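Next come the chains, spelled out residue by residue.
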Amino acid sequence: MLFRNVLRTLKKQYIQLLLLGVIITLSSFIYTTMDYGVGGILVPTEEYFEVSNQEDFAISMLDMILEDDGIFIASNCALTSEVHTLSGLKNIDSACYYDLIENRLNIIENEYDDINIELRENKDVYFNFDETSYKVRFLKATSEINLSYFVEGNAPATDSEIAISEAFGKSNDLDVGDTLDINGKDYTISGYVLFPDYSLALFSANLIIDNKSQSLGLLTDQEFENLNENIGFEIAGDLTNGTTEDEFEENVINDFRDNDNLPFVTNIVLTVNNMRSGAIYAELEGGEAMGLGLSLIIASIAILIVGIMVSKVLVSQRGAIGILKSMGYSNRQITIPYIFFIAILSFPAIVLGYFFGSFAAQPMSDLYKMIYLLPSSAVEHSFDTFIVAVIVPFLFLLVVSYFIIKRILNQKPVELLNPQMVSSTNFLAKKMGKFLKKLKITSKMKHLLLYRNMVKFLVFVIGMFFAAFLILFSFSMLDIFDKLTVDYYNNTNHNYIGYCDIELPCDNPTGTQEKVIELPSVILGDEEVYLVGLESDSLIHKLVDTKDNEITNKLDDGLVITKSLSLIKGFKVGDSLLLEIGDEHVLIDVMAITEEYSGNKVYMSREELGDIFVDSTEYYNVIYSETELNEDNFMMIISTEKIMEQSEVMQGLFETVFLIMIVVSVIIGAIVVYILTVMTIEDNFYNISLFKVIGYNNKEIDKMILGGYLVYGIIIFLITIPIALAAFYGLTAIFAQYYELVFPFDFEIWHAGVSTTMFIIIFYTGAFVAKRHLNRISLQEAMKMYQV
Amino acid sequence: MSIKLENVTKTYFTGEVETHAVKNVDLEIKDGEFIVLLGPSGSGKSTMLNIISGLDTPTSGKISIDEEIISDMNSKQLTKFRRDNLGFIFQQYNLLQTLSVSENVEVGREVSLLPFTVEEVLEQVDLIPQINKYPFQLSGGEQQRVSIARAVVKNPKIMFCDEPTGALDEVMAKEVLGILQKLNEKYKTSVVLITHNPNIGAMADRIIKLNSGEVVEVIENKNKLKASEISWG
Ligand SMILES: Nc1ncnc2c1ncn2[C@@H]1O[C@H](COP(=O)(O)OP(=O)(O)OP(=O)(O)O)[C@@H](O)[C@H]1O
Ligand SMILES: [Mg+2]
């Protein structure tokens, strides 16, 4: 009987309950998608790195033959001609080259314990096909560290076979078994290969990550040696005997620059800090932080709102509970049906969200593979995620419901049977009382209905606040991906970037072309930054700050840094930054911050940079141009159009993530406004009916009942704006500092306008629906039904 | 104002069961008349009152007040009509919980054409000391008196009262009935009053007895008593 009573009660509010169900579903959906989308990559990726023995660190060496090397060569090789570089040496005496390398490796191993190192050679091959230029970095197979990993097919067995990246193959319609013509030689694709030291196809001078025009490749050792291109090399290393990265950092990385026995070592980088191999770690960590962080925020707000709503439903049951109590039902008998139905209704909604989420996670995790070179994998369910996505919110709802019922049950039956106490003495009512005295009763009513029932008013205020927050939150994310990517190129006028060949002199810039210096890895503190030397009167690469003021000429006085660098490192205008440019250490002041939300970039005056770098104010190594550049004069030319295309692929992932967040939070926000409105009007059904009986017309009643809520709703929306803004700034700072991720949350006046308009529309829709419901029953029945 | 019911029926359908709450009632209430409706519980008194006053619609039949046909009015017209002409006192007290005693009465006063003052009316029902209390702070009888004051303050043309004295003791009940009688005599307000107490019939112009939704007897009362002269229970 009690079960039936509860069921009937809930049935009356089935639309609201359904919508609450939608919120619950969405909240577990968003969390599950983000968690599995990222986590679905994490686990198989770690396994892949494990089996293919990813390097723990990488050592870069000078190609130049140094004094000690010369001595070694003199006593070990019989060279006929003079060489200055190791790559040159390899061309004339391969055995001597390997001996010399071996010697260098020995020197390193003698200096440091607990490491195991191996040479990693590569050759970069450029080739054209159908008017498009491609680049393949061939890696020579190793035997211990960074083993080749085949996602499909096998290693090349003959000299006319090749293994390429799956992403490159897929985006160029090249399957295993197809042939690929590289500079006149046909290779049969024997398989798709991955190399753990390249989880990003990142090997250009600039930071282009593009799996359509770039691939990693594997040939037989013999064929590798047959390639005419210059050899490139690095040393891959493993930590042994349980050495930790921290110990290695302290004993090796902080030491090698001062070690006189290692003049040929230019850099040692731990994998976690190495873009090409370790960026995926940061990405996954960042993706986790972002996806999980944001989705947790949204999901928690959603569950909180559901809790509030459920409590509202339960509080409206006071009378019923009072009657049962007065008849002698035990607290347990009364509680169980409520908890039972709340469980029955919420559990499927949560589980549904979980399953939708795990389905949606697969395409999301596949997006990673358009950027990162990783093995594909199916999303696997994990118990932890299930707990957080399903069990926690479920228990939360049950516990909240339980405590509300318990609180109600703790009151005496008489208190429950009488209408809920009106708090005429609360602060707001008192304060407003004086002011309201002068108003007509109809105007007064508007406010009294709110203040004199603090509990309901608070529910309304809190609910609306969260709703407004979510809606503003989603608007603020609208522009994020544009800001992170295309905005930069839309603001600049150069269409082509030409990278000068070190050996050939660059064209002297003409017309709309400008000299630029780009130094991709300048050390700033313990971080590598991308230093760009720009003309301070540049016409085709103007720097603009967040307020749209042009700041290019500030380069005359010092540095201009990107907004992302400023957020991540906390640099402000006026700070002095210590840059290591070549051999020089220079301290320069930050003069301004550009509105660029991606890249750790520092701009300085080209002339000054040239002067510091090579003692020449005329120096440049890159040309920015509005018009097309002559390919013969440059090592590489990139069109910005192409960069934008590429970054669009990269940003597909971001866009998807943010789109999910935006849509989910707008829907949740809208639903909350709707339910709160309907519930609020329903609370007032009795008052509305009574006013009608007394003779008030609809317009007057709307003014009294709806007017107050509408006004306060709008006020809440407006008050939420600064709070939301502060929260966005806070989130941006947190993400930037802890995860080095920049989210340019953005607030614009129209966001406030649109969200307030949205509120008003939903409010009136809810009110209309509720009132139509009331109009369907006769007045006297309504009065009996909703008697308080 | 005079009220006319022609062949009015109200049937409730609850699942399979039909309840004829009011059955084929023909009735005329003259301008300024004081009517008492008597009948056992469930006989359809409240239902009839609700239909007459336009709070509910009849299943069939016609209701007119003066020349206006209530049963044909839309809800907007009904509202206007109620606002200008009718006062209600309910079986349940039906007070607004968020408003104080004086504010509840004020709500009634606000929409009337020729209202009395709030104090005047509260004085009559002896509620001046409770003027700033909220409904939950009042006794049942006090709540009923607030509900009466709220109807009276409107100075309506017709007053509908469903058990207005149910929660009152003899003295207070007579007081309230006296107020209604005074309205009726002084302002020619028609009064339709439901009660279980047959003695109250003594102050009416006519007594109408209902049973199972049908008018079973109409008694003309030639010898009207003053409210204070009624012999109680
Ligand atoms: N909404 C409704 N649905 C179904 N039946 C109803 C409804 N309202 C009233 N009834 C039935 O109509 C009949 C008349 O009810 P009404 O309230 O008019 O009685 P009453 O004469 O006022 O009784 P009381 O003196 O107890 O107040 C009753 O049998 C009641 O059960
Ligand atoms: Mg009744």
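How each quantity is defined
- Residues numbered from 1 in each chain as written.
- Chains lettered and ligands numbered in written order.
- Predicted model: local features only at pLDDT ≥ 70, side-chain atom pairs only at ≥ 80, totals over all residues.
- Heavy atoms only, no water.
- Helix = DSSP H or I, 4+ residues; strand = E, 2+ residues; numbered from the N terminus.
- Rg over C-alpha atoms; globule rule 2.2 N^0.38 Å.
- Contact = heavy atoms within 4.5 Å.
- Areas by Shrake-Rupley, 256 points an atom, 1.4 Å probe, with all protein chains shown as cover.
- Lys, Arg positive; Asp, Glu negative; His and termini not counted.
- Charge placed at Lys NZ, Arg CZ, Asp CG, Glu CD.
- Buried < 20%, exposed > 50% of the residue type's maximum accessible area, 1.4 Å probe, protein only.
- Domains from an automatic or database assignment.
- Buried area = accessible area lost by both parts, 1.4 Å probe.
- Salt bridge = Lys/Arg side-chain N within 4 Å of Asp/Glu carboxyl O.
- Polar contact = N/O pair within 3.5 Å; in protein donor to acceptor, adjacent residues only side chain to side chain.
- Phe/Tyr/Trp six-rings, centres within 6.5 Å; stacked < 30°, edge-to-face > 60°.
- Near = heavy atom within 4 Å.
- Nonpolar A, V, L, I, M, F, W, Y, C, P; charged D, E, K, R; others polar.
- Axes fitted to C-alpha atoms, helices over the stretch in contact; angles between N-to-C directions.
- Parallel < 35°, antiparallel > 145°, perpendicular 65-115°, else oblique.
- Left-handed = near helix turned anticlockwise from the far one by under 90°.
- Pairing = 2+ DSSP bridges.
- Patch = residues over 30% accessible without salt bridge, like charges linked within 9 Å, V, L, I, M, F, W, Y side chains within 5 Å.
- pLDDT = per-residue confidence, 0-100.

Trainee: Describe the overall build of chain B, and please don't skip the residues or the numbers.
Mentor: Per the secondary structure count, chain B includes six helices and ten strands. Here the C-alpha radius of gyration of chain B, 17 Å, is about what a compact globule of 233 residues would show, namely 17 Å. With respect to the principal axes defined by its C-alpha atoms, chain B has extents near 50 × 40 × 35 Å. Taking contacts inside chain B between residues at least 6 apart in sequence as the whole, the part at least 24 apart equals 70%. Surface exposure of chain B reaches about 9,700 Å², of which carbon and sulfur atoms provide 47%. Positive and negative side-chain charges in chain B, numbering 25 and 32 respectively, have mean positions lying 2 Å apart.

Trainee: Pulling in residues and values, what's your account of the overall build of chain A?
Mentor: A count of helical and extended segments in chain A gives 25 helices and 19 strands. Residues classed as buried in chain A amount to 55% of the 788 residues present. Counted over contacts in chain A with a minimum sequence separation of 6, partners at least 24 positions apart contribute 78%. About 34,700 Å² of surface is accessible on chain A, with carbon and sulfur atoms providing 55% of the total.

Trainee: Please set out the domain arrangement of chain A residue by residue, giving values where relevant.
Mentor: Interface size is commonly expressed as the accessible surface area that is lost when the partners come together. Residues and elements named next belong to chain A. Taken as a whole, chain A is organised into domain 1 (1–54 + 277–420), domain 2 (55–276), domain 3 (427–484 + 641–788) and domain 4 (508–628). Between domain 1 and domain 2, the C-alpha centre-to-centre distance is 49 Å. The interface of domain 1 with domain 2 comprises 19 residues on the first partner and 28 residues on the second. Surface buried jointly by domain 1 and domain 2 totals about 1,800 Å² across both partners, of which 57% is contributed by carbon and sulfur atoms. Linking domain 1 to domain 2 there are zero salt bridges. Our count for the contact surface shared by domain 1 and domain 2 stands at eight residue pairs in polar contact (both at pLDDT 80 or more). Every element with two or more residues in the side of domain 1 that touches domain 2 is listed here: α2 (14–51), α9 (275–315) and α11 (331–371). Examining the composition of the side of domain 1 that touches domain 2, we find that five residues originate from one element, α9, more than from any other.

Trainee: Which residues make up the packing of aromatic side chains, and what values go with them?
Mentor: Residue and element names in this part refer to chain A. Enumeration over the complete set of coordinates arrives at 29 aromatic pairs over all chains. Aromatic pair phenylalanine 347 and phenylalanine 394: ring centres 4.9 Å apart, planes at 65°, arrangement edge-to-face. Of this pair, phenylalanine 347 sits in helix α11 while phenylalanine 394 sits in helix α12 (residues 383–409), placing them 47 residues apart in sequence. Measuring from centroid to centroid gives 4.9 Å for phenylalanine 460 and tyrosine 709, while their planes differ by 70°, and the two rings are edge-to-face. Of this pair, phenylalanine 460 sits in helix α16 (residues 454–477) while tyrosine 709 sits in helix α23 (residues 698–739), and the two are 249 residues apart along the sequence. Both residues of the pair, phenylalanine 460 and tyrosine 709, belong to the buried class. One aromatic cluster is present, built from ring pairs that chain together Phe465, Phe466, Phe469, Phe473 and Phe728.

Trainee: Describe the site of ligand 1, naming the residues involved and giving the relevant values.
Mentor: Residues in close proximity to ligand 1 total 15 residues, the closest being Ser41, Gly42, Lys45, Ser46 and Thr47 of chain B. At ligand 1, the nearby residues belong to more than one chain, namely chains A and B. In the environment of ligand 1, an oxygen atom lies 2.9 Å from a nitrogen or oxygen atom belonging to the backbone of glycine 44 of chain B. In this structure, histidine 196 of chain B approaches ligand 1 through a side-chain N or O atom, which is 3.1 Å from an oxygen atom. Alone, ligand 1 offers 630 Å² of accessible surface; in the complex the protein occludes 74% of this. Sorting the residues of the shell around ligand 1 by element identifies α25 (779–785) of chain A together with β2 (17–29) and α1 (45–52) of chain B as the ones contributing at least two each. At three residues, the largest contribution of residues to the shell around ligand 1 is made by α1 of chain B. Its residues placed into classes, the shell around ligand 1 shows three nonpolar, nine polar and three charged.

Trainee: Go over the packing of helix α3 (residues 101–110) of chain B against helix α5 (residues 140–152) of chain B, please, and point to the residues and values.
Mentor: Helix-helix packing is described using two parameters, namely the angle between the two axes and the distance between the axes. Residue and element names in this part refer to chain B. Where α3 meets α5, the closest approach of the two axes is 7 Å, and the angle between their N-to-C directions is 30°. On the basis of their axis angle, the class for α3 and α5 is roughly parallel. Crossing of α3 against α5: the hand is right-handed. Here Val101, Asn104, Val105 and Gly108 of α3 come into contact with α5, specifically with Val146, Ala149 and Arg150.

Trainee: Describe in detail the interface of chain B and chain A, supporting the description with residues and values.
Mentor: Counting from both sides, the interface comprises 27 residues of chain B and, opposite them, 30 residues of chain A. Summing both partners gives a buried area of about 2,700 Å² for chain B against chain A, and 61% of it is carried by carbon and sulfur. Of all residues in chain B, Thr98, Glu110 and Phe136 of chain B give up the largest surface area on contact with chain A, accounting jointly for 21% of the area buried on that side. Salt-bridge contacts for glutamate 700 of chain A lead to arginine 83 of chain B; the nearest nitrogen and oxygen are separated by 2.4 Å.

Trainee: How would you sum up the sheet that holds strand β6 (residues 86–89) of chain B? Please name residues and give values.
Mentor: All names here are of chain B. Taken in spatial order, the six strands of this open sheet run β6-β7-β8-β3-β9-β10, and their pairing is mixed. Of all the strands in the sheet, just β6 and β10 (214–220) have a single pairing partner and so form its edges. If you compare each strand with its neighbour and ignore which way they point, the axes differ by 15° on average. As judged from the six bridges shared by strand β9 (residues 206–211) and β10, these two strands associate in the antiparallel manner. The residue of β10 that forms the bridge with lysine 209 is glutamate 217. Lying on the sheet, helix α2 (residues 75–85) is in contact with β6 and β7 (158–162); it crosses β6 at an angle near 80°. α5 rests against β6 and β7 of the sheet, and its axis sits at about 175° to β6.

Trainee: Which residues make up the pairing of strand β9 (residues 232–239) of chain A, and what values go with them?
Mentor: Residue and element names in this part refer to chain A. Of all the eight residues making up β9, seven are buried; the element is thus mostly covered by neighbouring parts of the structure. Here strand β1 (residues 57–61) runs beside β9; their pairing, made up of three bridges, is antiparallel. Following the sheet pairing, phenylalanine 57 is matched in β9 by glycine 237. Sheet topology note: the strand β2 (residues 115–129)/β9 ladder contains eight bridges and is antiparallel. Its bridge partner being in β9, arginine 120 is matched across the sheet by glutamate 234.

Trainee: Explain the environment of threonine 32 of chain A residue by residue, including any values.
Mentor: All names here are of chain A. Tracing the backbone shows threonine 32 in helix α2. Considered as a pair, threonine 32 and tyrosine 354 are 322 residues apart in the sequence and their alpha carbons are 5.8 Å apart. When sequence neighbours within four positions are dropped, the list of residues in contact with threonine 32 reads Gly37, Gly353, Tyr354, Gly357, Ser358 and Ala389.

Trainee: Before we move on, can you summarise α2 of chain B with the specific residues and values?
Mentor: Of all the positions in α2 of chain B, only Leu78, Thr79, Phe81, Arg82, Arg83, Asp84 and Asn85 of chain B are classed as buried. Regarding α2 of chain B, its N-cap is asparagine 74 of chain B, as a side-chain oxygen of that residue lies 2.8 Å from the backbone nitrogen of glutamine 77 of chain B further along.

Trainee: Residues and numbers for the sheet that holds β2 of chain B, please.
Mentor: Residues and elements named next belong to chain B. Here four strands make up an open sheet; going across it, the order is β2-β1-β4-β5 and the pairing antiparallel. Of all strands in the sheet, those bounded by a partner on one side alone are β2 and β5 (68–69). When strand β1 (residues 3–14) meets β2, the two strands line up antiparallel, connected through nine bridges. Among the inter-strand pairings, lysine 4 is bridged to a residue of β2, identified as glutamate 28. Across the sheet, α1 lies against β1, β2 and β4 (60–65), angled at about 120° from β1, the strand it touches most.

Trainee: Can you break down unusual backbone geometry residue by residue, with the values?
Mentor: With the exception of glycine, most residues fall at negative phi, and the peptide bonds are largely trans. Despite not being glycine, aspartate 173 of chain A has its phi angle at roughly 55°, a positive value. Its identity is not glycine, yet serine 212 of chain B carries a phi of approximately 50°, on the positive side. By the secondary structure assignment, serine 212 of chain B is in the loop between β9 and β10.

Trainee: Describe a negative patch on the surface, naming the residues involved and giving the relevant values.
Mentor: Residues and elements named next belong to chain A. A cluster of acidic residues, Asp113, Asp114, Glu245, Asp246, Glu247, Glu249, Glu250 and Asp526, forms a negative patch on the protein surface. Examined against the element boundaries, aspartate 113 turns out to sit in the loop between α5 (94–111) and β2. A relative accessible area of 62% places aspartate 113 in the exposed class.

Trainee: I'd love a proper account of the confidence of the model for chain B, names of residues and values included.
Mentor: This prediction gives chain B a mean pLDDT of 88; 99% of its residues lie at or above 70. What the predictor reports for the complex is a pTM of 0.73 with an ipTM of 0.74.

Trainee: Any details on the side chain of serine 536 of chain A? Residues and values, ideally.
Mentor: Residues and elements named next belong to chain A. Mapped onto the secondary structure, serine 536 falls in the loop between β13 (527–534) and β14 (559–562). A polar atom in the side chain of serine 536 sits 2.7 Å from the side chain of aspartate 556. Sequence-distant contacts of serine 536, defined by excluding residues within four places in its chain, comprise Thr552, Asn553, Leu555 and Asp556.

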